[in-house]
Amino acid sequence: MEGKINKKVLVVEDDEDVILYLSTWLSDQGFDVAVARDGIEATEKVKADPPDLITLDMVMPQKTGVKFYREIKKDPQHGHIPVIIITGLQREFERFISNRRVTPAPEGYISKPFGQDELIETIHKVLGVSCSKKALVNGGR
């Protein structure tokens, strides 16, 4: 591990395998990680302890990622938090982006399945946090 980055990432995802993968890998990269399994829980966590970054799946129970995204971006207190959408629904995402009127585009987008290099490069771009390529390839070792 490169060391503690002191940035908190909220992983909003309902697939337990993806949650385990993202939370473990991001922790190994030095991030503090919190998890929400739907948009309702994500809203509560953002209000209680705002993260520095949100990774967001689009399809979830209760409140979808689209609805959560629109609400968070309209929120004057939390609308500045960058969001990286991670989804396997490329067509739905493209439709979502093309139909938006007031809501800004997300700061990042990654299609499932994704690789570690793509994920960390997107996080680096969004947060300006650097990690060496060697650390990424070796899982932080």
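Owing to the predicted nature of the structure, the values given are computational and were not obtained by experimental measurement. (Residues numbered from 1 in each chain as written. Predicted model: local features only at pLDDT ≥ 70, side-chain atom pairs only at ≥ 80, totals over all residues. Heavy atoms only, no water.)

Caption draft 1: Expanded view of the overall build of the protein. Scanning the protein from terminus to terminus reveals six helices and five strands. Put simply, the protein runs from its N terminus to its C terminus through helices and strands in the order β-α-β-α-β-α-β-α-β-α-α. Across the 141 residues that make up the protein, the buried fraction comes to 48%. (Helix = DSSP H or I, 4+ residues; strand = E, 2+ residues; numbered from the N terminus. Buried < 20%, exposed > 50% of the residue type's maximum accessible area, 1.4 Å probe, protein only.)

Caption draft 2: The arrangement of the sheet that holds strand 5 (residues 108–111) in detail. Here we have five strands laid out as an open sheet, ordered 2-1-3-4-5, and parallel in their pairing. Each edge of the open sheet carries a strand with a single partner, namely strand 2 (32–36) and strand 5. Geometrically, the sheet is characterised by an average inter-axis angle of 20 degrees between neighbouring strands, direction not taken into account. Pairing between strand 3 (residues 53–56) and strand 4 (residues 83–87): three bridges, direction parallel. Bridging from a neighbouring strand, threonine 55 pairs with isoleucine 84 of strand 4. Strands strand 1 (8–12), strand 2, strand 3 and strand 4 of the sheet are contacted by helix 1 (residues 16–28), whose axis makes an angle of about 165 degrees with strand 2. (Pairing = 2+ DSSP bridges. Axes fitted to C-alpha atoms, helices over the stretch in contact; angles between N-to-C directions. Contact = heavy atoms within 4.5 Å.)

Caption draft 3: The arrangement of the pairing of strand 3 in detail. The alternating pattern of strand 3 places Leu53 and Thr55 on one face and Ile54 and Leu56 on the opposite face, and all of these are buried. Since strand 3 and strand 4 lie parallel, the crossover through helix 3 (residues 65–74) that links them has a hand, and here it is right-handed. (Right-handed = clockwise from strand over helix to strand, strands pointing away.)

Caption draft 4: Representation of the nonpolar core in the model. Counting 19 residues, the largest nonpolar core has Leu22, Leu26, Leu119 and Ile123 as its most contacted members. Those elements giving two or more residues to this core turn out to be strand 1, helix 1, strand 4 and helix 5 (116–127). Setting aside chain neighbours within four positions, we find leucine 119 in contact with Leu22, Trp25, Ile86, Ile110 and Phe114. If you look at the next biggest cluster of nonpolar residues, it comprises 16 residues, including Ala42, Leu56, Met60 and Tyr69. (Core = buried A, V, L, I, M, F, W, Y, C linked by side-chain atoms within 4.5 Å.)

Caption draft 5: Expanded view of the pattern of salt bridges. Enumeration over the complete set of coordinates arrives at seven salt bridges. Lysine 112 is the partner of glutamate 13 in a salt bridge, and the nearest nitrogen-oxygen pair spans 3.0 Å. Taken together, the positions of glutamate 13 in the loop between strand 1 and helix 1 and lysine 112 in the loop between strand 5 and helix 5 put the pair 99 residues apart, joining distant regions of the chain. Judged by its relative accessible area of 2%, glutamate 13 is buried. The class for lysine 112 is partly exposed, based on a relative accessible area of 27%. Via salt bridges that share partners, Glu13, Asp57 and Lys112 belong to a single interconnected network. (Salt bridge = Lys/Arg side-chain N within 4 Å of Asp/Glu carboxyl O.)

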